[in-house]
Amino acid sequence: MPNNLNPESERLRKALDELVALNQIANAINALMSVDKITQTIVDHCLKKIQASQGAVFLLDERDKEADKFKTFIREFSTSTEKIPFHVNESLTGWIIKNKTMFASNDPDNDDRFKWMHLTKLGINSILAAPLLSRTGLIGSLILFNKKDSEGFTEEDKRFLGIVGSQTAKVIENARLKEQEQELVAMRQEMMVAQSIQKGFLPKSGVKLQTCEACGFNIPAKEVGGDFFDIVRLNDEKVFLSLGDVSGKGMPAALLMANAQAVLRSHLLGSQDIHLSELARSLNHLICEFTSPEQFITCLFGLFDSADNCFRYINAGHEPPIVVRDDGAIEVLDVADIVIGVVPEIVYSVHEIKLNKNDILIIFTDGVTEAFNEEGVQFGDERLKELLKGCVGGEGASVGEQILTTLSTFRGKSAQTDDITMLLLKVS
Amino acid sequence: MKHKHTFREVNDIIVLELSGKIMGGTEDTTLVNQIYEFADQNKTKVVIDFSEVEWMNSRGLGICICGATTLRNRGGDLRLARPSEKVAMLLNRTRMFTVFEVFDTVEEAVDSFK
């Protein structure tokens, strides 16, 4: 009887060892670990339990499953300072991708599958590998090299690595999702910082002179937008207004927007005498020179002078501004030159409009007129003009608010697709 | 899909037929890549037929400028045909008709390359 009990107790002891080792791995890994840390921990525990001298985890690039698999094992974690030779790494991982199965070889030089790799010359005498299979397919492999005792890898080793491999895939997938989530959170935080920097570029408040009052509104469609506006009081009589829309959206548009605004502002510093045409030439030259062809700016900028109540401006391919006269007439100022940043040598013309008491000048980006409702209908110029007819005599800020409220009601549940920016100047 | 594009060849000139909305989204990137592909194949004379385009915004216009620049750098050009009302309005507002040659018919645009 004792003779019969020994193998059974030995089997139970091994099973217990296996459970203890698996339990240790489970305890060593927690949900907050990175993919790197998890794989390192798993390899370490496997080496200890199986008594192999080197181990590695290879992971496929999860974003590029259709690409050449041999090149997509982007992460490699090895426990040894001896690096696995590159061609062996490629050959083995290639074999695993193809076969998606567990394998062991204790005499690879005489094993038909691997003898062409001449592994013993490279110091590899035995291999044990498990595929890392998740619900979505193969995500990588876990490989151990060189069993420390001469017997080589056993069936028990194979079973143990198989169990670890099947669990590892799930753990790594979860950790990858966690990493992606963290990346998104970090990106979101960066966008918030960018948004706050961008907001800082816009004027905090309007400008009030004795004869006029100017204010602006900006509601970006994304965290960072491509529209800008500026209101700068030059002296008691003159105010500079600028508003622009940079082609494209997001960060590239925001960077170009910041540049354009900086160029415009730099021309205002300490200057009482602003040459609008020269300012346009300079801005156009810079944008043509330093941006790619598809990047351009539609913008309108100019000076309101209380001395003659005239607004002198340049329109570079921008939406025509609208004047709401005190008598209810609506005038569309439809004169313009080409957008900024496309044709290098161009002379921009300065236009002029005389404003009278209580007239309101509205400069806006296409985010106002090109708002879509739930049926895909555009707000359009006509609706804006109709709305403005009801705004005669109103204050600039309240007219701006009214436009925003009307747009929001018009859009309903459909998303804001473009930045909405407006400048309003009322002559008092 | 906000827009679709198909193309045909008339002699050595490509006629790109667009439809829908050209708003600079991901599907419009395909359009840019298509133009790059023509340029790589040395097919540098391209006409865009805009008659079925419902709407185009400034980003769509940016794509046209990008395409025109690429083709002009290779000795060709991008010419526009049959702009719909919305496209014509955008070209007018941005004064882009000074940058592009615009034609009332595809045939005229194709002939202009001869």
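The structure we're discussing is the one just above.
As a starting point, this report considers the structure included with it. In every chain, residue numbers begin from 1 and rise along the written sequence. Chain labels run from A onward and ligand labels from 1 onward, assigned in the order the entries are written. Local features in a predicted model are, by the rule used here, given only for residues with pLDDT of at least 70; side-chain atom pairs are given and counted only at 80 or more, and totals for whole chains, interfaces and linings are based on all residues. Only heavy atoms go into the side-chain values, all of them from the structure, while hydrogens and water stay out.

### A short note on the overall build of chain B
Okay, so step 1: Starting at the N terminus, helices and strands are each numbered in turn, a helix being any DSSP run of H or I of at least four residues and a strand any DSSP run of E of at least two. Looking only at helices and strands, chain B features four helices and five strands.
Okay, so step 2: For chain B, the α and β elements follow one another from N to C terminus as β-β-α-β-α-β-α-β-α.
Okay, so step 3: Only C-alpha atoms enter the radius of gyration; for comparison, a globular chain is expected to reach 2.2 Å times N to the power 0.38, where N is the number of residues. On C-alpha atoms alone, chain B measures out to a radius of gyration of 13 Å, which is about the 13 Å that the 2.2 N^0.38 rule sets for 114 residues.
Okay, so step 4: For chain B, the spread of C-alpha atoms along the principal axes amounts to about 30 × 30 × 20 Å.
Okay, so step 5: A burial count over chain B gives 53% of its 114 residues as buried.
Okay, so step 6: Within chain B, residue pairs in contact and separated by at least 24 positions form 69% of the contacts whose partners lie at least 6 positions apart.
Okay, so step 7: Surface exposure here means Shrake-Rupley accessible area, sampled with a 1.4 Å probe, where a residue is shielded only by the protein chains that are shown. Accessible surface, chain B: about 5,200 Å² in total, of which carbon and sulfur atoms supply 46%. The classification of residues rests on relative accessible area computed with a 1.4 Å probe and restricted to protein chains. Under 20% of the type maximum is buried, over 50% is exposed, and intermediate values are partly exposed. By definition in these notes, contact holds between two residues if any of their heavy atoms fall within 4.5 Å.

### Some remarks on the pairing of strand β11 (residues 310-316) of chain A
Residues and elements named next belong to chain A.
Okay, so step 1: Counting buried positions along β11 gives six out of seven residues, so the element sits mostly inside the fold.
Okay, so step 2: Bridge count for strand β10 (residues 297-305) against β11 is seven bridges, and the pairing is antiparallel. Residue glycine 302 lies in a different strand from β11, and its bridge partner there is tyrosine 313.
Okay, so step 3: Note: two strands are recorded as paired if DSSP finds a minimum of 2 bridges between them. Direction of pairing for β11 relative to strand β14 (residues 351-354): antiparallel, over a ladder of four bridges. Paired with cysteine 310 across the bridge in β14 is lysine 354.

### Here's the deal with the sheet that holds strand β13 (residues 330-332) of chain A
Residues and elements named next belong to chain A.
Okay, so step 1: Read across the open sheet, the six strands follow the order β6-β7-β16-β15-β12-β13; overall the sheet is antiparallel. In this open sheet, the two strands that pair with only one neighbour each are β6 (207-208) and β13.
Okay, so step 2: Note: strand β15 (residues 360-364) against strand β16 (residues 420-427), five bridges, orientation antiparallel. Directly across from isoleucine 362, in β16, lies its bridge partner leucine 424.
Okay, so step 3: Geometry is summarised by axes, namely lines fitted to C-alpha atoms with helices restricted to the contacting stretch, and by angles between N-to-C directions that run from 0 to 180 degrees. Taken strand by strand, helix α9 (residues 396-411) contacts β7 (212-219), β15 and β16, and its axis lies near 150° from that of β16.

### Describing the pattern of salt bridges
Residue and element names in this part refer to chain A.
Okay, so step 1: What makes a salt bridge here is a side-chain nitrogen of Lys or Arg within 4 Å of a carboxyl oxygen of Asp or Glu, nothing more. Applying the stated criterion to the full structure yields 31 salt bridges over all chains.
Okay, so step 2: One salt bridge in this structure joins aspartate 112 and lysine 115, with 3.1 Å as the shortest N-O distance.
Okay, so step 3: The class for lysine 115 is partly exposed, based on a relative accessible area of 40%.

### Here's the deal with a nonpolar patch on the surface
Residues and elements named next belong to chain A.
Okay, so step 1: Taken together, the side chains of Val193, Ile197 and Phe201 make up a nonpolar region of the molecular surface, amounting to roughly 250 Å² of accessible area.
Okay, so step 2: Counting through the fold element by element, phenylalanine 201 comes out in helix α4 (residues 155-201).
Okay, so step 3: The exposure class assigned to phenylalanine 201 is partly exposed, which follows from its relative accessible area of 32%. Grouping into patches uses exposed residues only, defined as over 30% relative accessible area, and leaves out salt-bridged ones; the cut-off is 9 Å for like charges and 5 Å for nonpolar side chains (Val, Leu, Ile, Met, Phe, Trp, Tyr).

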